[in-house]
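# Structure assessment
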Amino acid sequence: MTKKYNGGNLRLDRELARNPAYTRYHVTYRSGTLTISGIMNVPTTPGPHPALVLNHGYIDPAVYTNGRGLMREQDYLARRGYVVLHTDYRNHAQSSKDPNSELNLRLGYTEDVINAVLALRTSQYVDPARIALLGRSMGGGITYNVLTAQPGLVKAGVVFAPVSSDAADNFDRWTRPDRPLGTQILRKYGEPARNPEFWRNVSAVSFFDRVTEPILIHHGESDSTCPIAWSRETLAALKAAGKNATMYTYPGEEHAFGPAWPTSMARTVSFLKQHGV
């Protein structure tokens, strides 16, 4: 919340692909002292265009490649007139390395997304007043973080099958069982029950009073990766804070979304247009 951000220096390094609807580029931009890679889809229709920063879910950085994740969404949204910037985050693909990223609970990813929005604002292809976020799974949690840390940065946020907005939930589910890292984190910050102030301060839910943007949540009722209860709790917390939040649930849908994906995307575009993106 208190950091100064310097996102910019957005470079379209090379063309990766072209079709009648859009051109796909390998890009880099500045995030603090780091350089972050990503892909950017630019529609062939005349701009400036509304734009989305896409925040992918967890993929092991050792196997992750440029632009991997949210491939369906990248294509769907570009074909509907959106510039799409899919960020690789630090330690992914061609992005700079941050050796402390895991110990810092990956909060650097949130910084990289804030800087991605600032970088997009400088693009000749983008209407800087019409930028939104779309995040999936871990990227949904990053989306919550950005909306709480930097209210007013974007126009809206959409999340699919997001992680919990409470950092302790996510730590308990994934990081605690990873013994070396879990032990390191507990040694540095303490157990959530013993140091509740720290864990509260790294949880978006603690700061939902700051949110100024509408939020749309999509969650499958059969999601065994991110329990739908997390999204119901997040929605209740947003509503309790008086925020504009909507949630669609999908019977039988699992974490990745299958048959209901087209419906969820049509609802997403409708939501974005309703809120000026």
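Heads up: the structure comes first, above all this text.
Residues numbered from 1 in each chain as written. Predicted model: local features only at pLDDT ≥ 70, side-chain atom pairs only at ≥ 80, totals over all residues. Heavy atoms only, no water.

### Some words on the overall build of the protein
Counting its regular elements, the protein contains 8 helices and 9 strands. Its C-alpha atoms give the protein a radius of gyration of 18 Å, within 12% of the compact-globule value 19 Å for 277 residues. Based on the C-alpha atoms only, the size of the protein along its principal axes is roughly 55 × 40 × 35 Å. Taking all 277 residues of the protein together, the buried fraction comes to 57%. Within the protein, contacts between residues at least 6 apart in sequence are counted, and of these 69% link residues at least 24 apart. Just so you have it, the protein exposes about 11800 Å², and 50% of that area is on carbon and sulfur atoms. Averaged over its 31 positive side-chain charges, the protein has a centre that lies 5 Å from the centre of its 24 negative ones. (Helix = DSSP H or I, 4+ residues; strand = E, 2+ residues; numbered from the N terminus. Rg over C-alpha atoms; globule rule 2.2 N^0.38 Å. Buried < 20%, exposed > 50% of the residue type's maximum accessible area, 1.4 Å probe, protein only. Contact = heavy atoms within 4.5 Å. Areas by Shrake-Rupley, 256 points an atom, 1.4 Å probe, with all protein chains shown as cover. Lys, Arg positive; Asp, Glu negative; His and termini not counted. Charge placed at Lys NZ, Arg CZ, Asp CG, Glu CD.)

### What about helix 7 (residues 228-240)?
Counted at 1.5 Å a residue, the expected span for helix 7 with its 13 residues is 18 Å, and the 18 Å between its end C-alpha atoms agrees. All buried positions along helix 7 are accounted for by I228, W230, S231, T234, L235 and L238. One side of helix 7 holds all its buried residues, which, seen down the axis, span an arc of 150°. Buried residues along helix 7 sit in contact with helix 3 (138-149), helix 4 (167-175), strand 8 (215-220) and strand 9 (245-250). Phi turns positive one or two residues past the end of helix 7, at G242, with a value near 80°. (Expected span 1.5 Å × (residues − 1). Arc of directions from axis to C-beta.)

### Some points on the nonpolar core
Core analysis: the largest hydrophobic core is formed by 42 residues, its most contacted members being M40, L120 and L133. With 8 residues, the single largest contributor to this core is helix 2 (residues 107-121). Sequence-distant contacts of M40, defined by excluding residues within four places in its chain, comprise L10, L12, T23, R24, Y25, V27, V83, V84, L85, L120, S123 and Y125. Ranked by size, the runner-up nonpolar core spans 26 residues in total, among them Y22, Y82, W261 and V277. (Core = buried A, V, L, I, M, F, W, Y, C linked by side-chain atoms within 4.5 Å.)

### Things to note about the pairing of strand 3 (residues 34-43)
On a regular strand, each side chain points to the face opposite its neighbour's, so the side chains alternate between the two faces of the sheet. Taken across its 10 residues, strand 3 has 9 buried, putting it largely inside the fold. The pairing of strand 2 (residues 22-31) with strand 3 spans 10 bridges and is antiparallel. Residue pairing for strand 3: H26 is matched across the bridge by I39. Where strand 2 folds back onto strand 3 in an antiparallel hairpin, the turn is made up of 2 residues, including G32, whose phi is positive at roughly 65°. Of the strand pairs in this sheet, strand 3 and strand 5 (residues 83-87) are connected by 4 bridges, and their pairing is antiparallel. (Pairing = 2+ DSSP bridges.)

This is a description of form; function is not addressed.
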